[in-house]
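Next come the chains, spelled out residue by residue.
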Amino acid sequence: MTRLLQTAGGQHAIALACVLGLTACQAPLDPVVPAGQAGYDAVAVEPAATLPSRYTLSPGDVVSVRVFDEPELSVEEVALDNAGNVTLPLVGEVRAVGLSAAELAAAVEAAYATNYLRDPRVTVLVKQGQGRTIAVEGEVEQPGVFPYAEGQTLLSALALARSPTETAKLDEVMIFRTVDGQRQAGRFDLRAIRGGRMPDVALVPGDVVVVGYSSIRGAWQDVLRALPVFGIFRPIG
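Residues numbered from 1 in each chain as written. Predicted model: local features only at pLDDT ≥ 70, side-chain atom pairs only at ≥ 80, totals over all residues. Heavy atoms only, no water.

**What about the overall build of the chain?**
Moving on, step 1. The number of helices and strands found in the chain is 6 helices and 10 strands.
Moving on, step 2. The 237 residues of the chain split such that 35% are buried.
Moving on, step 3. Considering only contacts within the chain whose residues lie at least 6 apart along the sequence, 60% involve residues at least 24 apart.
Moving on, step 4. Within the structure as shown, the chain displays about 13700 Å² of accessible surface, and the carbon and sulfur contribution to it stands at 56%. (Helix = DSSP H or I, 4+ residues; strand = E, 2+ residues; numbered from the N terminus. Buried < 20%, exposed > 50% of the residue type's maximum accessible area, 1.4 Å probe, protein only. Contact = heavy atoms within 4.5 Å. Areas by Shrake-Rupley, 256 points an atom, 1.4 Å probe, with all protein chains shown as cover.)

Rendered as structure tokens:
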């Protein structure tokens, strides 16, 4: 029994030595992507500069159509179909693709004025635009492309992706952003942001967040998964 315990302890020591060896051999962070305050400066942009001067509707966009004083004709949510049309009470399909919200409102007013209403007043609001998205990839539980919401930050984006994995390298979270046709990037320390030592990062539509992989954490997870195999012996009491 003593021999078995010593063997298990030796395996623990070997495993720990392997992890420490990986720590010593781990490559440094890529210096091309700026970190710290330089990272914030690299992706700094006025939010208004990221907004198109005229947002046009596309298939999949969700809008609300409100007809003044006609609640039975108002639709709280309707999506543009694959052909770019919206379907409304009485008038049926109305062409919407390529139009702004104000232009669609004018088209709906014209449709209702033809046979149904006298001097209709219509308001159209874009509730969800398919073109305004962010992407989160790398070491997160659920990578993907998500709708952009006003006021979105790095922390809220990672929450959408179900947070970083156990093997994430938390000081190597990168944001890639295109400003005036130029690709820019900054590297951020998620631990410092969570701890309040550094500010959260405001995101803009089109941002891509990439969470790096920690080879040390990955190796340590492999060790932990192996521990039950040689850690099954109870201490002698």
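There's more to say after this.
**Considerations on the side chain of Ser-64**
Moving on, step 1. As for its placement among the helices and strands, Ser-64 is situated in strand S1 (residues 62–67).
Moving on, step 2. Judged by its relative accessible area of 1%, Ser-64 falls in the buried class.
Moving on, step 3. If we skip the residues at most four places from it in the chain, Ser-64 touches Val-75, Glu-76, Thr-123, Val-124, Leu-125 and Lys-127.

**With respect to the pattern of salt bridges**
Moving on, step 1. Across all of its chains, the model carries 7 salt bridges by this definition.
Moving on, step 2. Here Lys-127 makes a salt bridge to Glu-76, at a shortest N to O gap of 3.2 Å. Here Lys-127, found in strand S5 (residues 122–128), pairs with Glu-76, found in strand S2 (residues 75–79); they are 51 residues apart in sequence, far enough to count as distant.
Moving on, step 3. The salt bridge involving Asp-171 is made with Lys-169; its shortest N-O contact spans 3.5 Å.
Moving on, step 4. For Lys-169, a relative accessible area of 15% puts it in the buried group.
Moving on, step 5. Among the ionic contacts, a cluster of salt bridges with common partners joins Arg-66, Glu-76, Glu-77 and Lys-127. (Salt bridge = Lys/Arg side-chain N within 4 Å of Asp/Glu carboxyl O.)

**Concerning unusual backbone geometry**
Moving on, step 1. The backbone of Asp-119 sits at a positive phi, close to 50°, despite the residue not being glycine.
Moving on, step 2. Here Asp-119 lies in the loop between helix H3 (101–115) and S5.
Moving on, step 3. Here Arg-162, not a glycine, exhibits a phi torsion of approximately 65°, which is positive.
Moving on, step 4. Here Arg-162 lies in the loop between helix H4 (154–160) and strand S8 (168–179).

**A few points about the sheet that holds S2**
Moving on, step 1. If you walk across this open sheet you meet the 3 strands as S2-S1-S5, and the pairing is antiparallel. The open sheet has two edge strands, S2 and S5, and neither has a second partner. Averaged over neighbouring strand pairs, the angle between their axes works out to 30° when direction is ignored.
Moving on, step 2. Two strands pair when backbone bridges link them, and S1 and S5 are joined in this way by 6 bridges, in the antiparallel orientation. Each bridged residue has a counterpart across the sheet, and for Val-62 the counterpart in S5 is Gln-128. (Pairing = 2+ DSSP bridges. Axes fitted to C-alpha atoms, helices over the stretch in contact; angles between N-to-C directions.)

**Quick word on the sheet that holds strand S6 (residues 133–138)**
Sheet strands pair by backbone hydrogen bonding; their relative direction is either parallel or antiparallel.
Moving on, step 1. The 5 strands are arranged S7-S6-S10-S8-S9 in an open sheet whose pairing can be described as mixed. Two strands lie at the open edges of the sheet, namely strand S7 (144–147) and strand S9 (182–188), each paired on one side alone. If you compare each strand with its neighbour and ignore which way they point, the axes differ by 20° on average.

**Observations regarding the pairing of strand S4 (residues 92–95)**
Moving on, step 1. In the sheet, strand S3 (residues 85–88) pairs with S4 via 4 bridges, with the strands oriented antiparallel. Counted as the bridge partner of Val-86 is Val-94 from S4.
Moving on, step 2. The hairpin turn running from S3 into S4, its antiparallel successor, is 3 residues long, and Leu-90 in that turn takes a positive phi close to 70°.

**A look at H3**
Moving on, step 1. The end-to-end C-alpha distance of H3 is 23 Å, a good match for the 21 Å that 15 residues give at a rise of 1.5 Å each.
Moving on, step 2. Taken together, the buried positions of H3 are Ala-101, Leu-104, Ala-105, Val-108 and Tyr-112. Viewed end-on, H3 has its buried residues packed into an arc of 105°, placing them on one side of the element. Across H3 from its buried face, at more than 90 degrees, point the exposed residues Ala-102 and Thr-114.
Moving on, step 3. Buried residues in H3 make contact with S1, S3, S4 and S5. (Expected span 1.5 Å × (residues − 1). Arc of directions from axis to C-beta.)

**Re the environment of Glu-109**
Moving on, step 1. Relative to the helices and strands, Glu-109 resides in helix H3.
Moving on, step 2. Exposure remark for Glu-109: the relative accessible area of 25% places this residue in the partly exposed category.
Moving on, step 3. The spacing of Glu-109 and Val-122 is 13 residues in sequence and 6.0 Å in space, taken between C-alpha atoms.
Moving on, step 4. Ignoring any residue separated from it by four or fewer positions in sequence, one finds Glu-109 in contact with Pro-120, Arg-121 and Val-122.

Any functional reading would require information beyond the geometric quantities listed.
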